[in-house]
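# Residue-level structure breakdown
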Amino acid sequence: MIKLILTDMDGTLLDDAGNLPAGFDAMVAELQRRGVLFGAASGRQYEALITSFPKYKDEFLFVSENGTNVVYRGEHIYTCPMDRAAAQRMFGEIYAADPGIFCVCSTTEGAYVLRDQFHGANAAELDKYYTHASAVDRIEDVTADCLKVAFFDATGHSADRILPLTKAYQEPYQVVLSSDYWLDIMDKHINKGVAVRAMEERFGFTPDEVAVFGDYLNDLQMMSAATYSFAMANAHPDIKAAARYETASNEDAGVLKGIQRLIDAGLC
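The following refers to the structure shown. As the structure is a prediction and not an experimental result, all values here were calculated from the model. (Residues numbered from 1 in each chain as written. Predicted model: local features only at pLDDT ≥ 70, side-chain atom pairs only at ≥ 80, totals over all residues. Heavy atoms only, no water.)

### A word on the packing of helix α2 (residues 24–33) against helix α9 (residues 254–264)
One way to put it is that α2 packs onto α9 with a least axis distance of 11 Å and a crossing angle of 30°. Taken together, the axis directions place α2 and α9 in an arrangement best described as roughly parallel. Read as a crossing pair, α2 and α9 show a hand that is left-handed. Mapping the contact onto sequence places F24, M27, E30 and L31 in α2 and L256, I259, Q260 and I263 in α9. The residue makeup of the contact of α2 with α9, split by class, is 6 nonpolar, 1 polar and 1 charged. (Axes fitted to C-alpha atoms, helices over the stretch in contact; angles between N-to-C directions. Helix = DSSP H or I, 4+ residues; strand = E, 2+ residues; numbered from the N terminus. Parallel < 35°, antiparallel > 145°, perpendicular 65-115°, else oblique. Left-handed = near helix turned anticlockwise from the far one by under 90°. Contact = heavy atoms within 4.5 Å. Nonpolar A, V, L, I, M, F, W, Y, C, P; charged D, E, K, R; others polar.)

### Points about the pattern of salt bridges
By the definition in use, this model includes 17 salt bridges. In this structure, R161 engages D153 in a salt bridge whose closest nitrogen and oxygen atoms are separated by 2.7 Å. The exposure class assigned to D153 is buried, which follows from its relative accessible area of 0%. Linked by salt bridges that have partners in common, D8, K192 and D219 make up one network. (Salt bridge = Lys/Arg side-chain N within 4 Å of Asp/Glu carboxyl O. Buried < 20%, exposed > 50% of the residue type's maximum accessible area, 1.4 Å probe, protein only.)

### Overview of unusual backbone geometry
Trans is the prevailing form of peptide bonds, just as negative phi is the prevailing case for residues other than glycine. Despite not being glycine, E65 shows a phi value in the positive range, around 50°. With respect to the helices, strands and loops of the structure, E65 is situated in the loop between β3 (61–64) and β4 (69–72). In this structure, A253 is a non-glycine residue whose phi angle is positive, near 55°. With respect to the element layout, A253 can be found in the loop between β14 (245–246) and α9.

### Things to note about the side chain of S158
Tracing the sequence through the fold places S158 in helix α6 (residues 158–161). Looking at S158, the relative accessible area reads 1%, which means it is buried. At 2.9 Å, the side chain of S158 and the backbone oxygen of S179 are in polar contact. (Polar contact = N/O pair within 3.5 Å; in protein donor to acceptor, adjacent residues only side chain to side chain.)

### Describing the pairing of strand β10 (residues 173–177)
Among the 5 residues of β10, 5 are classified as buried, and the element is accordingly described as predominantly covered. Going residue by residue along β10, you find Y173, V175 and L177 tucked away on one face and Q174 and V176 tucked away on the opposite face as well. Alignment of β10 against strand β11 (residues 182–187), held across 5 bridges, turns out to be antiparallel. Bridging across to β11, Q174 finds its partner in M186. (Pairing = 2+ DSSP bridges.)

### Considerations on the state of the cysteines
Tallied over the entire structure, the rule returns 0 disulfides. Not engaged in a disulfide, the cysteine C105 finds its nearest cysteine sulfur in C146; these two sulfurs lie 3.6 Å apart. Taking the relative accessible area as the measure of exposure, C105 reaches 2% and is therefore buried. (Disulfide = S-S within 2.5 Å.)

Written out as structure tokens, the structure is:
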């Protein structure tokens, strides 16, 4: 029987306007009645995630920052920071190479951006994913532990514009495209899949007791961490190839439909 369900947010649980699907609260109530723990596994900051689920912040499991920070009932139960000096060096090098790329240093104390980039479309995009953020004049002034560095291309060509600039980091670090707009760099040994396996161990679940939903490349390793792995109809081809099942798109409440399939099959 499934005991844990984790879903990505953007392009997966949320529709393209950023809304939860109709019937979400009813499904959560049904899962709680069945003793199933529900959670979000996202590239978003923890503080940003709970703004989507204010009444569930003490009930859901939050796998945030692509697995680098996991919070349950207000407690940070798993973190995987990267070397702060290295993170700041990457931040500075990519900013210097292309000042049009919006750079974010996400830490255990919140996200930090450069003051001269904190405006317009950058500020609006930041508010979606990093609601707890501050602007600084120099990224070297940040002293908190760094969870990841993230880079945003407003034109939606992160694979062509940002990825080539990270070539030197791809071996020693985890470099992942989170969407057409975002690229994240983290510690080499962390991703959503690693975090899911850590949660399985912490809660005593097996992969056969876990279901996951995702759509983009930062969900790739998560697909192999659970027996019941679902790709959205709108998912990247690599996610569809890695997942065991496919469900409807994020615009068609695919996560809820996938969960209902599991319930109908007697697995929840």
